[in-house]
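# Residue-level structure breakdown
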Amino acid sequence: MHANGAALVVQPKPNQVVDQESNTNYTQRAQWLRAAVLGANDGLVSVASLMMGVGAVKHDITAMVLAGFAGLVAGACSMAIGEFVSVYTQYDIEKAQIKREREPNEEEEVADHEREKLPNPFQAAAASAVAFSVGGVVPMLAALFIRNHKVRMGVVAVAVSLALLVFGIFGAILGRTPVTRSCLRVLIGGWMAMAITFGFTKLLGSVSL
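Reading guide: rules and limits
Residues numbered from 1 in each chain as written. Predicted model: local features only at pLDDT ≥ 70, side-chain atom pairs only at ≥ 80, totals over all residues. Heavy atoms only, no water. Phe/Tyr/Trp six-rings, centres within 6.5 Å; stacked < 30°, edge-to-face > 60°. Helix = DSSP H or I, 4+ residues; strand = E, 2+ residues; numbered from the N terminus. Buried < 20%, exposed > 50% of the residue type's maximum accessible area, 1.4 Å probe, protein only. Polar contact = N/O pair within 3.5 Å; in protein donor to acceptor, adjacent residues only side chain to side chain. Axes fitted to C-alpha atoms, helices over the stretch in contact; angles between N-to-C directions. Left-handed = near helix turned anticlockwise from the far one by under 90°. Contact = heavy atoms within 4.5 Å. Nonpolar A, V, L, I, M, F, W, Y, C, P; charged D, E, K, R; others polar. Expected span 1.5 Å × (residues − 1). UniProt positions renumbered as here; feature names shortened; annotations may be inferred. Patch = residues over 30% accessible without salt bridge, like charges linked within 9 Å, V, L, I, M, F, W, Y side chains within 5 Å. Areas by Shrake-Rupley, 256 points an atom, 1.4 Å probe, with all protein chains shown as cover. Salt bridge = Lys/Arg side-chain N within 4 Å of Asp/Glu carboxyl O. pLDDT = per-residue confidence, 0-100.

Pairs of aromatic rings are described using the distance from one ring centre to the other and the angle between the two planes. Counted by the stated rule, this structure contains 3 aromatic pairs. Ring centres of Phe84 and Phe122 lie 5.1 Å apart, and the angle between their planes is 65°; this geometry places the pair in the edge-to-face category. Placement of the pair is Phe84 in helix H2 (residues 61-101) and Phe122 in helix H4 (residues 121-144), with a sequence separation of 38 residues. Phe122 sits in the exposed class, given a relative accessible area of 58%. With 5.7 Å between their ring centres and 65° between their planes, Tyr88 and Tyr91 make a pair best called edge-to-face. Pair noted here: Tyr88 and Tyr91 are both in helix H2, with a separation of 3 residues, about one helical turn. The exposure class assigned to Tyr91 is buried, which follows from its relative accessible area of 15%. Among the aromatic side chains, those forming a connected cluster through ring pairs are Phe84, Tyr88, Tyr91 and Phe122.

As for its position among the elements, Thr197 is in helix H6 (residues 179-205). On the basis of relative accessible area, Thr197 is assigned to the partly exposed category, the value being 26%. Of the polar contacts made by the side chain of Thr197, one reaches the backbone oxygen of Ala193; its length is 2.8 Å.

In the contact formed by H4 and helix H5 (residues 149-175), the axes pass within 8 Å of each other and the chain directions differ by 145°. Seen along the crossing, H4 lies across H5 with a hand that is right-handed. Mapping the contact onto sequence places Val138, Pro139, Ala142 and Ala143 in H4 and Arg152, Val155, Val156, Ala159, Val160 and Ala163 in H5. Partitioning the contact of H4 with H5 into residue classes produces 9 nonpolar, no polar and 1 charged.

This brings us to H6. If you check H6, its first and last C-alpha atoms are 39 Å apart, about what 27 residues at 1.5 Å a residue would give, namely 39 Å. Of all the residues in H6, the buried ones are Ser182, Cys183, Leu187, Gly190 and Met194.

Now for the side chain of Ser128. In this structure, Ser128 sits in helix H4. For Ser128, the residues in contact, after removing those within four places along its chain, are Met79, Ala80 and Glu83.

Sequence positions flagged by UniProt for "transmembrane region" (unreviewed entry) are, in local numbering, residues 32-54, 61-81, 124-146, 153-174 and 186-205. With 100% helix and 0% strand, the stretch residues 61-81 has end C-alpha atoms that lie 30 Å from each other. Annotated as residues 153-174, this span is 100% helix and 0% strand, and its ends, taken at the C-alpha atoms, are 31 Å apart.

A few words on a nonpolar patch on the surface. The grouping of Leu184, Ile188, Trp191, Met192, Ile196, Phe200 and Leu203 at the surface amounts to a nonpolar patch, some 740 Å² of accessible area in total. Relative to the helices and strands, Leu184 is located in helix H6. On the accessibility criterion, Leu184 (46% relative accessible area) is partly exposed.

Attention now moves to the confidence of the model for the protein. Low-confidence regions, as indicated by low pLDDT, have predicted coordinates that should not be scrutinised in detail. Chain-level statistics for the protein give a pLDDT mean of 82 and a share of 77% at 70 or above. Mean pLDDT per element in the protein: helix H3 (residues 112-115) is the minimum at 64, and H6 is the maximum at 93.

Looking at where Ser182 falls in the secondary structure, it is placed in helix H6. Other than its neighbours up to four places away in sequence, Ser182 contacts Gly168, Gly171, Ala172 and Thr177.

For H4, which comprises 24 residues, the first-to-last C-alpha distance of 34 Å matches the rise-based estimate of 34 Å (1.5 Å per residue) to within 8%. Its side-chain oxygen placed 3.0 Å from the backbone nitrogen of Phe122, Asn120 serves as the N-cap of H4.

In structure tokens form, the structure reads like this:
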């Protein structure tokens, strides 16, 4: 404290500011990557389950692939719209918070350096749609060139299982969780989704409606 009684204000060192900004950027990148992995996992499980459900009652390869394609497009659009609405709401909240924290004599508009820190709803929507599509393409490619129905179903299940393991590993690395536990959790969840969809569709298909 100074002799006149005023409190001594300690300014952060430049290195500390850089470290804080670096940590913030790393956290943001990690969140984006984790969201991308989750989006791809959603696309993989959703499209694969839909194709397995159709395959339970239809042996035609065209029906399976078209069902998968429809699920891919519908899911990507749904993910993009949902992400856009969610992130835009967050954008409005954070922008309003910045304005409330400003001093009365400061400018009303959000500065460029502050705007860069705000979430981008368009970028989030595009990333979500692309991630979902990347995952959804896997079971479609696995089934596309196989004519035998039973072999096709088996190849789709194997391809999806391998992709789930890859997504589980990435999710564990990004979330800093045990790899084995993460892989098992993702793998069992995907198997359950495909089995339940296959079983209920098979049951419904055996009933005359």
